[in-house]
Amino acid sequence: MFRRIFFSASIICLCLSSWFACSSKQEQNQEIAISSDKETLNQGQSLFQTNCSACHNFRQKGIGPNLSGVTTEVETDWLRQFIHNAPVMIEEGDTRATRLYQEYNQYMPAFTTLKDTEIEAIIAYLHSHPQSSAPALEEKNLGNILTDPLPEKIQASGITLVLEEVMALPASAEKPPLARINKMLTLPGQKSRTFIHDLRGKLYEIKGKTSAVFLNVPAYFPHFIDKPGLGTGLGSFAFHPDYEKNGLLYTTHTEQAGTAPADFTYADSIPVTLQWVLTEWKTNTPSASKFSGTHRELFRINMVSGIHGVQEITFNPFAAAGKPDYGLLYIGIGDGGATLEGYPFVAHDKNKPWGTILRIDPRGDNSRNGKYGIPGGNPFAQNSNALGEIWAYGFRNPHRISWDKGSQKMLATDIGQKNAEEINLIVPGADYGWNLREGTFRINPDGDVNEAYALPEDDKGFTYPVAQYDHDEGNAISGGFVYAGKNIPALQGKYIFGDVVTGRIFCVDSDLLKLGQHAPIYELSVQVADVETTLRQLTGNKRVDLRFGEGPAQELYILTKADGKVWKVVDARQHERVSALPSS
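What counts as what
Residues numbered from 1 in each chain as written. Predicted model: local features only at pLDDT ≥ 70, side-chain atom pairs only at ≥ 80, totals over all residues. Heavy atoms only, no water. Pairing = 2+ DSSP bridges. Helix = DSSP H or I, 4+ residues; strand = E, 2+ residues; numbered from the N terminus. Axes fitted to C-alpha atoms, helices over the stretch in contact; angles between N-to-C directions. Core = buried A, V, L, I, M, F, W, Y, C linked by side-chain atoms within 4.5 Å. Buried < 20%, exposed > 50% of the residue type's maximum accessible area, 1.4 Å probe, protein only. Contact = heavy atoms within 4.5 Å. Polar contact = N/O pair within 3.5 Å; in protein donor to acceptor, adjacent residues only side chain to side chain. Bend = angle between axes of the 7 residues up to and from the residue. Salt bridge = Lys/Arg side-chain N within 4 Å of Asp/Glu carboxyl O. Phe/Tyr/Trp six-rings, centres within 6.5 Å; stacked < 30°, edge-to-face > 60°. Expected span 1.5 Å × (residues − 1).

Draft legend 1. The arrangement of the sheet that holds strand β8 (residues 274-283) in detail. The strand order across the open sheet formed by 4 strands is β6-β7-β8-β9, and the pairing between neighbours is antiparallel. For this open sheet the edge positions go to β6 (234-239) and β9 (293-303), each flanked by a neighbour on one side alone. With strand direction ignored, the average angle separating the axes of adjacent strands in the sheet is 20°.

Draft legend 2. Focus on the nonpolar core. The biggest cluster of nonpolar side chains holds 33 residues, and the ones touching the most others in it are L278, F299, I301, M303, L329, I331 and I333. Every element with two or more residues in this core is listed here: β7 (248-256), β8, β9, β10 (312-315), β11 (329-333), β12 (356-360) and β13 (390-393). No other element matches the 4 residues that β9 contributes to this core. Excluding its chain neighbours within four sequence positions, the residues that come into contact with I333 are F299, I301, M303, G309, V310, P353, W354, G355, T356, L358 and P398. Residues C52, F58, V74 and L79 belong to the second largest nonpolar core, which totals 26 residues.

Draft legend 3. How the structure looks around the side chain of T283. Considering the arrangement of structural elements, one finds T283 in strand β8. Classification of T283 by relative accessible area gives buried; the value is 7%. From its side chain, T283 meets the backbone nitrogen of T285 in a polar contact 3.4 Å long. Excluding its chain neighbours within four sequence positions, the residues that come into contact with T283 are Y243, G247, F291, S292 and G293.

Draft legend 4. Region of interest: the environment of L169. By secondary structure assignment, the location of L169 is in the loop between β1 (155-168) and β2 (181-186). Given a relative accessible area of 5%, L169 falls into the buried group. Separated by 29 residues in sequence, L169 and D198 place their C-alpha atoms 8.4 Å apart. With near-sequence residues (within four places) excluded, L169 lies in contact with A179, I181, I196, D198, Y204, S211 and G564.

Draft legend 5. Representation of helix α3 (residues 76-91). Of all the bends in α3, the largest measures some 105° and sits at N85, one to four residues before the proline P87. Looking at α3, one finds that the buried residues are T76, W78, L79, F82, I83, N85, A86, P87, M89 and I90. Once α3 finishes, G93 follows within two positions and takes phi at roughly 85°, a positive value.

Draft legend 6. Examining the pattern of salt bridges more closely. Applying the stated criterion to the full structure yields 22 salt bridges. In this structure, the salt-bridge partner of D77 is R80, at a minimum N-O distance of 2.4 Å. Highlighted residues: D77 and R80, both in helix α3, separated by 3 residues, approximately one helical turn. According to the relative accessible area criterion, D77 is partly exposed, its value standing at 48%.

Draft legend 7. Region of the structure containing the pairing of strand β4 (residues 202-207). Sheet topology places strand β3 (residues 194-198) next to β4; 5 bridges connect them, and they run antiparallel. Across the sheet, the residue bridging to F195 is E205, located in β4. Once β3 ends, the chain turns through 3 residues before running back antiparallel as β4, passing G201 with a positive phi of about 130°. Of the pairings in the sheet, the one linking β4 to strand β5 (residues 210-216) comprises 6 bridges and is antiparallel in character. Its bridge partner being in β5, K207 is matched across the sheet by T210. Between the end of β4 and the start of β5, which pair antiparallel, lie 2 residues, with G208 showing a positive phi angle near 70°.

Draft legend 8. Up close: the packing of aromatic side chains. Within this structure, the stated rule accounts for 24 aromatic pairs. Both rings, one in F380 and one in Y393, keep their centres 6.3 Å apart while their planes meet at 65°; by these two values the pair is edge-to-face. Placement of F380 in the loop between β12 and β13 and of Y393 in strand β13 is noted, with a sequence separation of 13 residues between them. Accessibility classification places F380 together with Y393 in one group, the buried group.

Draft legend 9. Local environment of the pairing of β6. In terms of residue burial, β6 counts as a mostly covered element, since 6 of its 6 residues are buried. Pairing analysis gives 5 bridges linking β6 to β7, with the strands arranged antiparallel. Its bridge partner being in β7, A238 is matched across the sheet by Y250.

Draft legend 10. Quick look at the sheet that holds strand β15 (residues 410-414). Taken in spatial order, the 4 strands of this open sheet run β14-β15-β16-β19, and their pairing is antiparallel. The outermost strands of the open sheet, each flanked by one partner alone, are β14 (398-403) and β19 (467-469). If you compare each strand with its neighbour and ignore which way they point, the axes differ by 15° on average.

Draft legend 11. Summary view of the side chain of E312. Residue position: E312 is located in strand β10. Only 3.2 Å separates the side chain of E312 from the side chain of K183, close enough to count as a polar contact. A distance of 2.9 Å separates a polar atom in the side chain of E312 from the backbone nitrogen of I401. If we ignore the near neighbours within four places in the chain, the residues touching E312 are K183, S236, Y330, I331, G332, P398, H399, R400 and I401.

Draft legend 12. How the structure looks around helix α5 (residues 116-127). Between its first and last C-alpha atoms α5 spans 16 Å; for 12 residues at 1.5 Å apiece the expected length is 16 Å, and the two agree. Where burial is concerned, most of α5 is hidden: 9 out of the 12 residues are buried. E118, I119, A121, I122, I123, A124, Y125, L126 and H127 are the residues of α5 that are buried.

Here it is in structure tokens:
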């Protein structure tokens, strides 16, 4: 049975159809029309790895579908047109394009700047992967496939967030996302300074309703890349809690594969698509408005594909000086797409960093490479059979980490594959399941990981999410914060988060986030200038690319990458809790 195919909206993703098999004559015509020239295939492979591999492989569905055999299933002319301008074909009602959009709930932007020769090269590379070329998926007797693992619907909270536009970050592209704004935080201390970054490489300081470049990361790294999107580029940043005295700042970014020897790698037979690099920066003058100083590399890690990288680094903002957690850096590392590419053994292994949250001492030196420290309080620090840096493991893509100021709970969101978007209460040393579990369901890492099964009766050894939702409600969880400000009483004690693609904003009561139970999720509505709206309507884009930020006094901000804007939550109006809101 042919697989239906679609591509993610944030990169050059080929959205293809497979409902109508081609006749033998059509296949022969395809063979004649599609180049098999070695130079063309090499160009196509390079373009695919840079622009498409983050969503697709030739083994099974990932963020996008399995592409093996697609050129024998879809007419070449149709492929050319769709790659060139998918939205037009969807809007004009093309049957194949419309069905794919309805299935995957993704709206791909046009890529009209892609040259005809580049499209031909990509198609040639796809054609070199017939459907039979992928290794067979291993079937296991896990019971019946669950058709709707999470049937419960998210209900309305009865709370409306009142938003006020603060600013638009300088556009770093001519089409959405205009600015790939990803994270916003405020330095502690009396001279509160707020910073925000664009994944394309610049770290800005916000000054009122304007911004100024504090650090331009690509200027320091000639092999810096921000493609294929999906978190690549300047992934995250974190200021040392004593920054005002020591001037230390940390960043993660992506570089071309093979730029330098990696500290964390795997067998040579497994591909390397790119490398993530953790860097320490030391400014000469912490109070300066622009960085000037030195930098050093702490570690470098290879990734199988461009997805699920090192998208979060952070310090516990509530750890006081002198406490064990003070000055220790938490690092969220995804599985690098290893599972989808057919290398599930790379992830879910206590001896490896992929799919983990690490905790390191950036000022120490007892690591294998001698460039950072491994805290003695880490759960595996004294275990010779595990990686001492690991704080917790079993994650697909630990996207955001935060703490509840009151309870000191550590929370991490994990972006799911097909069946569950997760909020996890982090316990040192705990196993959160991926790629044997997704949410509270069993999956087969050697088979179709999109299929969910009930947990076995003798299930043990895993720690499950304390709240979750499925892809009937959204596509990818965007982690936020337990509101710790003072200006909006209606949000006190609530963990605010949302969905990256749809822009829906959710909340859970923090005191209900407990191991062994699931906190109910509620939706927050949005209002601007006394008019109730949605973030999709505000951005004018089907893919909002929602993020959250904390500003001065820990007040809540909303970041929309589609239009590059920053919004402040200035009020929250509470009314009677009603039935679920429509997700426009």
